[in-house]
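Below, each chain spelled out in residue letters.
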Amino acid sequence: MRIPRLVSAGLMIATSLGLATVLTGAPAHADSSPGGQITRSEVLARAQNWVDSGVKYNLTRASSTLYTDVEGDNRYGPDCSGLVSMAWHITANAGKGGHSTSDFESWSGKIFLGSLHDLEPGDAILKDGHIELFARWKNSGDHTQGAWTYSLNGTGDPDGNGWQMDWAKGPAANSHGQRGDESWSSMQNYRPIRYKNIVDDSSPPAPRFRQGDYDGDGKSDRALWEPSTGKWFVEFSGNGVKNETTPWGQSGDIPVPGDYNGDLQADRMLFRPSTGAWYVTYSTTGQQVQLPSWGVNGHIPVPGDYDGDGKSDRALWEPSTGKWFVEFSGNGVKNETTPWGQSGDIPVPGDYNGDGKADRALWRPSTGAWYITYSTTGQQVQLPSWGVNGHIPVPGDYDGDGKSDRALWEPSTGKWFVEFSGNGVKNETTPWGQNGDIPVSGDFNGDGETDRVLWRPSTGAWYATYSTTGQQVQLPSWGVNGHIPVN
């Protein structure tokens, strides 16, 4: 589940004003009124606001330590129960910064749930002395893998003034490298509770996997695979940590990362053409498995969520015949389509009509023609030709409308060409990149729009143009010639 934000990314760290610490930033408003009904998405957005703002723990609840909510209307204690009080937008015990954990225990404004399994986003878990806001399960199909939570508690108070060395934590790591989560075994010490005034969103956003998101924070991560050693290198955008795995794969394998178990995190998957074997390391659990062999040398792997169940499906395209082979993760059925495409075409699967399913699409460099079979209807269409031989297709959702856009990159000039599906406008950017660069599109800033990103093997430099703002940045160099970017 991608957490909505109440404020812009430009929110400043809290500034001390008078008796209260006030969160400042772009103007924002709450859909809820204090003590009134509040949607689950607003609860999570309010909690995320404290994470983004670097709210620091203080156990005293002195007037000078209280933080306001994003509207600046109410003040809350910067601790675990203050965070939940703020997120639920309650005004009980306003004079002392909201409820304490003991207050929540006896408070008539909440109900106890029958089971931890009943928790939904925006609920909470409570035990003696501590409370955390529930964000979502790490794996909705297996709760024993634990949960992502929002929390605020402290360790260490060097000068004895109550300010401790910890900050608000959430599902993604924040600027202080903190991640909010609880194991299933730890959750057994808590009782699940629900605010009586919380309501479901009228149209709750469906969980959406972000291409190349290895840590589940809603942003694509920079990632590389080294064929000579089989090592994977991933820089988690949530905390900036660069992770190197033990060898997984060998030269000649084809990396095909995707979310194969539906936990909203990219898994490290490889296809071995010489044997048809598939090898996967699941990101959440670290479990490494070899899946049943499927496919032969000459097949091109084209994974995607073809059945709309939230999981990447194993899929192959056979250039010699034009056939597509898809194994639906929902039921395990292996499907073979009638021929669609020919040798020399480039497969470019994506969700081109916004129905939540990957469509079988091809681009023909020799003519610029695009051919699509829509997964839901089976309709086969040829779109107007666009692009010339030498272009590299880089489809993605560049306008944030939930549909894949046709897009091309021209190595000889560095220009990007994007046709926005929202309005049909074809956009040509100023040159960005040069011959020899490798395009690695993905949503690197978590704004819901694909960014134009390039990796330069000769120097290891990464260049990004963020779609929403148009900002162009060079990221710190990472990787060497011979690595393969695996977003």
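Residues numbered from 1 in each chain as written. Predicted model: local features only at pLDDT ≥ 70, side-chain atom pairs only at ≥ 80, totals over all residues. Heavy atoms only, no water.

A. Structural context of the nonpolar core. By size, the foremost hydrophobic cluster in this structure holds 31 residues, and its most contacted members are Trp 50, Leu 83, Trp 88, Phe 104, Ile 131, Leu 133 and Tyr 150. In contact with Ile 131, not counting residues within four places along its chain, are Cys 80, Ser 81, Val 84, Thr 101, Phe 104, Ala 124, Ile 125, Leu 126 and Ile 193. Ala 315, Trp 324, Phe 328 and Leu 362 belong to the second-largest nonpolar core, a separate cluster that totals 12 residues. (Core = buried A, V, L, I, M, F, W, Y, C linked by side-chain atoms within 4.5 Å. Buried < 20%, exposed > 50% of the residue type's maximum accessible area, 1.4 Å probe, protein only. Contact = heavy atoms within 4.5 Å.)

B. Geometry of the pattern of salt bridges. In total, this model carries 20 salt bridges according to the counting rule given. Across the pair Arg 222 and Glu 235 runs a salt bridge whose closest N-O atoms are separated by 2.8 Å. A residue pair is termed long-range when its members are at least 10 positions apart, and Arg 222 in strand β15 (residues 222–226) and Glu 235 in strand β16 (residues 231–235) qualify at 13 residues. Residue Arg 222 is classed as buried on the basis of its relative accessible area of 3%. (Salt bridge = Lys/Arg side-chain N within 4 Å of Asp/Glu carboxyl O. Helix = DSSP H or I, 4+ residues; strand = E, 2+ residues; numbered from the N terminus.)

C. Representation of the pairing of β15 within the structure. In terms of residue burial, β15 counts as a mostly covered element, since 5 of its 5 residues are buried. Of the two faces of β15, both are covered, the one formed by Arg 222, Leu 224 and Glu 226 as well as the one formed by Ala 223 and Trp 225. Across 5 bridges, the pairing between β15 and β16 is antiparallel. The residue bridging Arg 222 from the neighbouring strand is Glu 235, located in β16. Taking the residues between adjacent antiparallel strands as the criterion, β15 and β16 are bridged by 4 residues, where Gly 230 takes a positive phi near 80°. Pairing analysis gives 2 bridges linking β15 to strand β38 (residues 484–485), with the strands arranged antiparallel. (Pairing = 2+ DSSP bridges.)

D. Highlighting the confidence of the model for the protein chain. On average, residues of the protein chain score 86 in pLDDT, and 91% of them reach the 70 mark or higher. Low pLDDT, under 50, characterises residues 1–29; the stretch is placed with 71 contacts to residues that sit more than four places away or in other chains. (pLDDT = per-residue confidence, 0-100.)

E. Structural detail: the sheet that holds strand β7 (residues 110–112). Sheet architecture is open: 6 strands sit in the order β7-β13-β8-β9-β10-β12, paired in antiparallel fashion. In the strand order of this sheet, the two ends are held by β7 and β12 (181–182), each with one partner. Where strand β10 (residues 147–150) lies against β12, 2 bridges are found, and the strand directions are antiparallel. Looking at β12, one finds that Ala 147 is bridged to Glu 182. The strands touched by helix α1 (residues 40–52) are β9 (130–137), β10 and β13 (191–195); relative to β9, the strand with the most contacts, the crossing angle is about 115°. Against the sheet, helix α2 (residues 80–87) contacts β9 and β10, and its axis sits at roughly 55° relative to β9. (Axes fitted to C-alpha atoms, helices over the stretch in contact; angles between N-to-C directions.)

F. Molecular detail of the side chain of Thr 149. You can see Thr 149 is positioned in strand β10. By relative accessible area, which is 1% here, Thr 149 ends up buried. Within the structure, Thr 149 has its side chain in polar contact with the side chain of Glu 132 (distance 2.9 Å). Look past the residues within four positions of Thr 149 in its chain and what remains in contact with it is Glu 132, Leu 133, Phe 134, Ala 135, Lys 169, Gly 170, Pro 171, Gly 180, Asp 181 and Glu 182. (Polar contact = N/O pair within 3.5 Å; in protein donor to acceptor, adjacent residues only side chain to side chain.)

G. The arrangement of α1 in detail. Taking 1.5 Å of rise per residue, the 13 residues of α1 would be expected to cover 18 Å, and the 18 Å separating its terminal C-alpha atoms lies within 8% of that figure. For α1, a buried count of 12 out of 13 residues is recorded, marking the element as mostly surrounded by other parts of the structure. Along α1, the residues classified as buried are Arg 40, Ser 41, Glu 42, Val 43, Leu 44, Ala 45, Arg 46, Ala 47, Gln 48, Asn 49, Trp 50 and Val 51. Phi for Gly 54, located one or two positions after α1, is positive at around 70°. (Expected span 1.5 Å × (residues − 1).)

H. Representation of the pairing of strand β29 (residues 380–383) in the model. As paired strands, strand β28 (residues 369–373) and β29 are joined by 4 bridges and run antiparallel to one another. What sits directly across from Thr 373, in β29, is Gln 380. Where β28 folds back onto β29 in an antiparallel hairpin, the turn is made up of 6 residues, including Gly 378, whose phi is positive at roughly 80°.

I. Region of the structure containing unusual backbone geometry. Backbone geometry at Arg 61 places phi at a positive 55°, although glycine is not the residue there. Its location among the elements puts Arg 61 in the loop between β4 (56–58) and β5 (67–68). Positive phi is not limited to glycine here, since Asn 93 has a value of about 55°. With respect to the helices, strands and loops of the structure, Asn 93 is situated in the loop between α2 and α3 (101–106). The class for Asn 93 is partly exposed, based on a relative accessible area of 33%.

J. Spatial organisation of α2. Along α2, 8 of the 8 residues are buried, which leaves the element largely enclosed by surrounding structure. Cys 80, Ser 81, Gly 82, Leu 83, Val 84, Ser 85, Met 86 and Ala 87 are the residues of α2 that are buried. Phi turns positive one or two residues past the end of α2, at His 89, with a value near 60°.

K. Layout of the environment of Ile 484. Note on placement: Ile 484 falls in strand β38. When the C-alpha atoms of Ile 484 and Trp 225 are compared, they prove to be 5.1 Å apart, with 259 residues separating the residues in sequence. In this structure, Ile 484 is in contact with Ala 223, Leu 224, Trp 225, Pro 227 and Pro 255, ignoring residues within four places of it in sequence.

L. Representation of the packing of aromatic side chains in the model. Evaluation of the coordinates by the stated rule reveals 17 aromatic pairs. When the centroid spacing of 6.4 Å and the interplanar angle of 45° are considered together, the rings of Trp 225 and Trp 232 count as tilted. Just as Trp 225 is buried, Trp 232 falls in that class too. Their ring planes at 85° and their centres at 6.0 Å tell us that Trp 340 and Tyr 371 sit as a pair that is edge-to-face. With a gap of 31 residues between them, Trp 340 in the loop between β25 (334–336) and β26 (346–347) and Tyr 371 in strand β28 connect regions that are remote in the sequence. Assigned by exposure class, Trp 340 and Tyr 371 land together as buried. Members of the aromatic cluster, joined through ring pairs, are Trp 88, Phe 104, Trp 107 and Tyr 195. Positioned above the aromatic ring of Trp 148, the side-chain terminus of Lys 138 is 4.7 Å from the ring centre. Geometry around Phe 112 places Arg 191 over its ring, the cationic atom sitting 3.6 Å from the centre. (Phe/Tyr/Trp six-rings, centres within 6.5 Å; stacked < 30°, edge-to-face > 60°. Lys NZ or Arg CZ within 6 Å of the ring centre and 35° of its normal.)

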